[in-house]
Amino acid sequence: AAFVMASMCAEFNFTRVGIMYVSDPWGSGYATDFITAGNQVGVEVISSIKFASGDKKAARAAAQTIYESGLRVIIVMAFPGDFPTVIETSRELGMTNKKGYSWITCDGVMEPEPLALSIADTELARKELSGWLHVM
């Protein structure tokens, strides 16, 4: 799955990416596999930030770090419970629903519509998630 995602990034000419991932075996393994695959297909991971699932402060810090890196292609490997914090922080930083940013999620992550329905302001969440790509 990580090779397919890295290949897709290469096909889209997303050659410099950032990764935010949960620091459990699934997230860490996927991030490692993506970095390896990216090296094979010409996609460089400029910033790789892990955070503990359920730790809102750490998720906010990860989004802030990605923002400060200046990267515009962000791959997120997190669980549905972490996404409201990631989305809220990214919105505050001007990284969502904005031309030039591409957000990519992978298997194990909720698809955008059910995720939007899980957030209190569903309409705002739908806007924030427009343009996100969910890769299975």
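Everything discussed here concerns the structure shown above.
## Section: the overall build of the chain
Logical step 1: Within the chain, the regular secondary structure consists of six helices and five strands.
Logical step 2: From first element to last, N terminus to C terminus, the chain shows the α and β order α-β-α-β-α-β-α-β-α-α-β.
Logical step 3: With 136 residues in all, the chain has 45% of them scored as buried.
Logical step 4: Taking as baseline every contact in the chain between residues at least 6 positions apart, the subset at least 24 positions apart corresponds to 80%.
Logical step 5: Carbon and sulfur atoms make up 53% of the accessible area of the chain, which amounts to about 6,600 Å² in all.

## Observations regarding the packing of aromatic side chains
Aromatic ring pairs are described here by two measures, namely the spacing of the ring centres and the angle between the planes.
Logical step 1: With the rule as written, the count across this model stands at two aromatic pairs.
Logical step 2: Their ring planes at 70° and their centres at 5.6 Å tell us that Phe12 and Phe14 sit as a pair that is edge-to-face.
Logical step 3: On the accessibility criterion, Phe12 (45% relative accessible area) is partly exposed.

## Digging into the pattern of salt bridges
Side chains that differ in charge, positive against negative, can pair when their charged atoms come close.
Logical step 1: What the rule picks out here adds up to two salt bridges.
Logical step 2: Here Glu88 ties to Arg60 by a salt bridge, and the two come within 3.5 Å at their closest N and O atoms. Note that Glu88 is positioned in helix α4 (residues 83–92) and Arg60 in helix α3 (residues 56–69), a separation of 28 residues in sequence.
Logical step 3: Across the pair Arg60 and Glu92 runs a salt bridge, and its minimum N-O distance is 2.7 Å. On the criterion of sequence distance, the pair formed by Arg60 in helix α3 and Glu92 in helix α4 is long-range, its members being 32 residues apart.
Logical step 4: According to the relative accessible area criterion, Arg60 is partly exposed, its value standing at 31%.
Logical step 5: Relative accessible area serves as the criterion here: at 49%, Glu92 is assigned to the partly exposed category.
Logical step 6: Salt bridges here are not isolated pairs; linked through shared partners, they connect Arg60, Glu88 and Glu92.

## What about the side chain of Thr85?
Logical step 1: Summarising the element assignment, Thr85 is placed in helix α4.
Logical step 2: Contacts of Thr85, omitting those with residues within four sequence positions, involve Lys56, Ala59 and Arg60.

## Quick word on helix α2 (residues 25–41)
Logical step 1: Taking 1.5 Å per residue, 17 residues should reach 24 Å; α2 reaches 24 Å between its end C-alpha atoms and fits that length.
Logical step 2: Of all the positions in α2, only Gly27, Tyr30, Ala31, Phe34, Ala37 and Gly38 are classed as buried. The buried residues of α2 occupy one face: seen down the axis, they fall within an arc of 135°. Exposed residues lying more than 90 degrees from the buried face of α2 are Pro25, Asn39 and Gln40.
Logical step 3: Buried-residue contacts for α2 involve α1 (2–11), β1 (16–22), β2 (44–51) and β3 (73–77).
Logical step 4: Positive phi appears at Gly42, one or two residues downstream of α2, with a value of about 90°.

## Notes on the packing of α3 against α4
Logical step 1: Where α3 contacts α4, the axes come no closer than 9 Å and their chain directions differ by 40°. On the basis of the axis angle, α3 is oblique to α4. As α3 runs across α4, the sense of the crossing is right-handed. Two secondary-structure elements touch here, α3 through Lys56, Ala59, Arg60 and Ala63 and α4 through Thr85, Val86, Glu88, Thr89, Ser90 and Glu92.
Logical step 2: A class-by-class count of the residues in the contact of α3 with α4 yields three nonpolar, three polar and four charged.

Procedures and definitions
Residues numbered from 1 in each chain as written. Predicted model: local features only at pLDDT ≥ 70, side-chain atom pairs only at ≥ 80, totals over all residues. Heavy atoms only, no water. Helix = DSSP H or I, 4+ residues; strand = E, 2+ residues; numbered from the N terminus. Buried < 20%, exposed > 50% of the residue type's maximum accessible area, 1.4 Å probe, protein only. Contact = heavy atoms within 4.5 Å. Areas by Shrake-Rupley, 256 points an atom, 1.4 Å probe, with all protein chains shown as cover. Phe/Tyr/Trp six-rings, centres within 6.5 Å; stacked < 30°, edge-to-face > 60°. Salt bridge = Lys/Arg side-chain N within 4 Å of Asp/Glu carboxyl O. Expected span 1.5 Å × (residues − 1). Arc of directions from axis to C-beta. Axes fitted to C-alpha atoms, helices over the stretch in contact; angles between N-to-C directions. Parallel < 35°, antiparallel > 145°, perpendicular 65-115°, else oblique. Left-handed = near helix turned anticlockwise from the far one by under 90°. Nonpolar A, V, L, I, M, F, W, Y, C, P; charged D, E, K, R; others polar.

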